[in-house]
Amino acid sequence: MEVALPHLIVSSGFLPTGSLLESLIHVSNEVASMESLPVIQVRNISTMIRRIKLLSSLFEEIHEMNTPLPPSSILCLTELFSVIRRVKGLIQGCKDGSSLWSLVETEMISSQFHVVVKEMGRALDILPLSLLNITADIREQVELLHKQAKRADLFVDPRELQRREELLQVMAINNEKNVKNKALVDFRKVKEILSSIGLRRSLDYDDEISKLETEAMMQAGTGGLIVVSNINNLISLVLYSKSMIFSKQEKTNEAIMKRSASLRMNNDHSSSSQSTILNIPDEFRCPISLDLIRDPVIVASGHTYDRNAIAQWINTGHNTCPKSGMKLIHMALIPNYALKSLVHQWCHENNIQLTESTSSSSSSELGRSNSMRKSCENAVDHISATKTAKDAVKMTAEFLVGKLATGSPEIQRQAAYELRLLAKTGMDNRRIIAEAGAIPFLVALLSSHDPRIQENAVTALLNLSIFDNNKTLIMAAGAIDNILDVLQSGKTMEARENAAAAIFSLSMTADGKVTIGAHPRAMLALVALLREGTSSGKRDAATALYNLAVHSANKGSAVVAGAVPLLIDLLMDDKAGITDDALGVLALLLGCPEGLEQIRKSRILVTLLIDLLRFGSPKGKENSIALLLGLCKDGGGEVARRLLLNPQSIPSLQSLVADGSLKARRKADALLKLLNRCCSQSHSTAG
């Protein structure tokens with residue numbers, strides 16, 4: 001006989017009052033405590049923060065009352081929670097996004113702030129202040145805030161409008177197709193405009209370029225060609241302005257560009273005459289073309305060829321080394337800087353001009369600015385612009401890799417940082433950087449005693465690993481041990497966290513899961529970061545553990561490393577904010593005997609899982625049910641009895657059967673049937 005299950009408790013649609021007020025206080029404090037606010041939308045942001053600080057006082061006073069609230073006040077608080085979250089997103093967007101693009105879009109952003117102020121006023125319309133037991137001061141402040149919100153007009157800062165107009169005028173000059181018109185750009189004015197929005201150092205310009213590139217990617221699918229074109233024009237302006245403002249001598253740019261043009265014009269003549277006039281040493285001849293090696297690169301077999309010759313060999317379908325016949329395990333072409341230096345010296349001694357693959361400029365900043373500027377000038381022709389951009393990235397990457405190989409620690413630090421930024425966006429960039437031979441040098445720099453070098457190197461490898469082919473190259477370069485060293489005892493917490501993210505990325509492949517999981521230190525290092533890291537670091541560690549635990553052989557290692565009790569503790573840590581990630585890992589570890597044994601030892605987990613069935617995210621609910629179902633099977637009678645005794649468990653499961661995701665409905669239904677069988681067996685035994 002089946003035991004009748006308790007009826008489902010119908011949800012009111014709102015968070016419990018205590019949870020709602022705590023969430024309101026938390027999100028209000030987050031907004032009020034925001035630091036390093038942007039220089040765009042200053043008045044709208046400061047006014048909004050002041051309003052939310054006032055509301056925070058109201059929320060705290062209501063929370064301290066600890067008395068039932070009228071339904072209309074709960075509806076108002078729910079609406080205010082939504083409004084404040086939107087405000088937080090708006091401010092964060094201004095803070096983290098491109099300052100220049102925010103300036104261009106200042107009217108639209110101002111309008112968004114105006115909309116949320118009006119929504120705040122409409123929410124306060126239904127707040128029954130007379131029914132709330134709050135102090136007279138708070139009541140008067142809220143009433144005043146309500147009136148101000150209802151009367152608030154759209155505010156667009158006239159200074160920002162003026163700056164935008166000046167910026168658009170400069171952009172119009174910068175976008176002229178005739179290069180001679182570039183001389184009309186007033187760089188003192190450009191510097192003044194950029195300085196007014198916080199761009200004062202070379203690194204500020206780099207950061208702004210990165211943000212603009214991110215914005216272009218975001219707008220590519222929704223903003224249309226005109227919007228993306230405008231953002232690309234801004235990138236062009238910043239790149240060009242940076243090279244002009246921060247270069248010591250503007251004439252150096254012209255000299256280098258003229259020299260490069262001269263070298264290109266003389267390339268054909270020199271290539272046809274060098275091999276006939278002089279006897280080229282055998283060690284300087286390409287084994288394929290038997291001509292002078294102009295751009296020596298090393299293939300996977302360890303042999304050196306001229307880049308153009310070996311690239312043509314590979315592009316025609318060959319996957320072996322022409323000299324040894326060995327199969328190439330990867331197709332990366334790593335520059336041979338030692339041989340290149342000797343070839344250059346020999347050419348100099350014999351008065352032979354040699355085309356270089358990179359600019360001879362001593363400044364990586366100048367080289368990158370000039371090359372990328374040229375690509376932006378041809379942005380009208382999409383095909384040629386794309387090719388020029390790729391050529392610019394190739395030239396920049398090879399130049400920076402050369403600095404990694406031969407530069408001083410300070411130059412290596414800057415080169416690793418620039419590669420880190422360059423690899424941040426675009427699969428083509430990541431491919432080109434790897435082909436330039438950056439990976440082995442970055443792996444070597446993971447052992448650097450300089451904290452910034454180590455941090456930049458591991459982050460660059462993380463960014464490069466997003467391109468699937470690079471995962472194999474990074475693993476083949478022996479990076480895992482070095483990355484685990486950084487994860488375990490990196491010089492900075494950011495380096496450790498990015499090392500964990502790199503482990504996550506590399507473990508996306510089946511081979512990666514096996515190779516990394518076989519390292520005895522991998523799980524221990526991830527569990528240590530799970531314990532010691534920031535919220536972001538804990539999430540990186542948890543997601544890496546999840547990826548590795550997908551491979552069955554790794555589950556036991558994670559349990560032995562102490563992951564289970566730590567993950568259960570993190571379910572109660574609101575500050576960590578990784579509840580869903582922790583649940584996902586626990587659900588996987590339940591699939592091995594050691595994991596099941598460790599999880600069953602917890603006395604608080606079942607109660608936590610029942611609460612998460614009610615208030616967790618959709619994914620969290622799925623994993624909570626999976627854990628409860630696994631614990632109830634195979635002799636989990638004690639867990640089943642605890643579920644039946646808890647008045648919230650059955651209604652929560654019934655709710656999920658009715659309204660949950662497909663996976664949640666299926667598992668909830670299976671768990672309810674199992675509990676019914678348990679009840680039936682208990683009844684029969686008692687009878």
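Just so we're clear, the structure is a prediction, and the values are computed from it rather than from any experiment.

A. How the structure looks around the overall build of the protein. A count of helices and strands for the protein gives 34 helices and 3 strands. Looking at the protein as a whole, 49% of its 687 residues qualify as buried. The contacts of the protein with a sequence gap of at least 6 include a subset with a gap of at least 24, amounting to 72%. Just so you have it, the protein exposes about 33,200 Å², and 53% of that area is on carbon and sulfur atoms.

B. Main features of unusual backbone geometry. In this structure, Gln41 takes a positive phi of about 60° despite not being glycine. With respect to the helices and strands, the residue Gln41 is situated in the loop between helix 1 (17-32) and helix 2 (42-65). With a phi close to 60°, Leu290 is a non-glycine residue in the positive phi region. Mapped onto the secondary structure, Leu290 falls in the loop between helix 11 (250-277) and strand 1 (296-298).

C. Structural detail: the packing of helix 22 (residues 493-506) against helix 25 (residues 535-549). Contact geometry for helix 22 and helix 25: axes closest at 8 Å, N-to-C directions at 25°. Judged on the interaxial angle alone, helix 25 and helix 22 are roughly parallel. The two elements helix 22 and helix 25 meet at a crossing, and its hand is left-handed. Residue-level contacts link Glu497, Ala500, Ala501, Ile503 and Phe504 of helix 22 to Ser536, Gly537, Asp540, Ala541, Thr543, Ala544, Asn547 and Leu548 of helix 25. In terms of residue class, the contact of helix 22 with helix 25 is made up of 7 nonpolar, 4 polar and 2 charged.

D. Up close: the nonpolar core. Leu487, Ile503, Leu526, Leu530 and Leu589 are the most contacted members of the largest nonpolar core, which has 103 residues in total. Those residues in contact with Ile503, other than ones at most four positions away along the chain, are Ile483, Leu484, Leu487, Ile516, Leu526, Ala544 and Leu548.

E. Just helix 28 (residues 579-589), in detail. Within helix 28, 8 of the 11 residues are buried, leaving the element largely enclosed by the surrounding structure. Where helix 28 is buried, its residues contact helix 25, helix 26 (552-560), helix 27 (563-570), helix 29 (593-600), helix 30 (605-615) and helix 31 (618-632).

F. Summary view of the sheet that holds strand 3 (residues 334-335). The strand order across the open sheet built from 3 strands is 2-1-3, with neighbouring strands paired in antiparallel fashion. In this open sheet, the two strands that pair with only one neighbour each are strand 2 (304-306) and strand 3. Of the strand pairs in this sheet, strand 1 and strand 3 are connected by 2 bridges, and their pairing is antiparallel. In the strand pairing of strand 3, Ile298 is matched with Ile334.

G. Up close: the pattern of salt bridges. For the structure shown, the criterion picks out 25 salt bridges. A salt bridge links Glu192 to Lys189; its shortest N-O distance comes to 3.7 Å. With Glu192 and Lys189 both in helix 8 (residues 187-196) and 3 residues apart, this pair spans about one turn of that helix. Lys189 gets classed as partly exposed once you look at its relative accessible area, which sits at 27%.

H. Seen up close, the packing of aromatic side chains. In total, this model carries 0 aromatic pairs according to the counting rule given. We note Arg43 situated over the ring of Phe155; from NZ or CZ to the ring centre the distance is 3.9 Å.

I. Spatial organisation of the packing of helix 29 against helix 31. Across the interface, helix 29 lies against helix 31 with an axial gap of 11 Å and an inter-helix angle of 95°. One way to sum up the angle between helix 29 and helix 31 is to call them roughly perpendicular. Here Leu596, Ile599 and Arg600 of helix 29 lie close against helix 31, whose contacting residues are Leu627, Gly630 and Leu631. Taken together, the residues of the contact of helix 29 with helix 31 sort by class into 4 nonpolar, 1 polar and 1 charged.

Rules used throughout
- Residues numbered from 1 in each chain as written.
- Predicted model: local features only at pLDDT ≥ 70, side-chain atom pairs only at ≥ 80, totals over all residues.
- Heavy atoms only, no water.
- Helix = DSSP H or I, 4+ residues; strand = E, 2+ residues; numbered from the N terminus.
- Buried < 20%, exposed > 50% of the residue type's maximum accessible area, 1.4 Å probe, protein only.
- Contact = heavy atoms within 4.5 Å.
- Areas by Shrake-Rupley, 256 points an atom, 1.4 Å probe, with all protein chains shown as cover.
- Axes fitted to C-alpha atoms, helices over the stretch in contact; angles between N-to-C directions.
- Parallel < 35°, antiparallel > 145°, perpendicular 65-115°, else oblique.
- Left-handed = near helix turned anticlockwise from the far one by under 90°.
- Nonpolar A, V, L, I, M, F, W, Y, C, P; charged D, E, K, R; others polar.
- Core = buried A, V, L, I, M, F, W, Y, C linked by side-chain atoms within 4.5 Å.
- Pairing = 2+ DSSP bridges.
- Salt bridge = Lys/Arg side-chain N within 4 Å of Asp/Glu carboxyl O.
- Phe/Tyr/Trp six-rings, centres within 6.5 Å; stacked < 30°, edge-to-face > 60°.
- Lys NZ or Arg CZ within 6 Å of the ring centre and 35° of its normal.

Any link to function would need more than the numbers given here.
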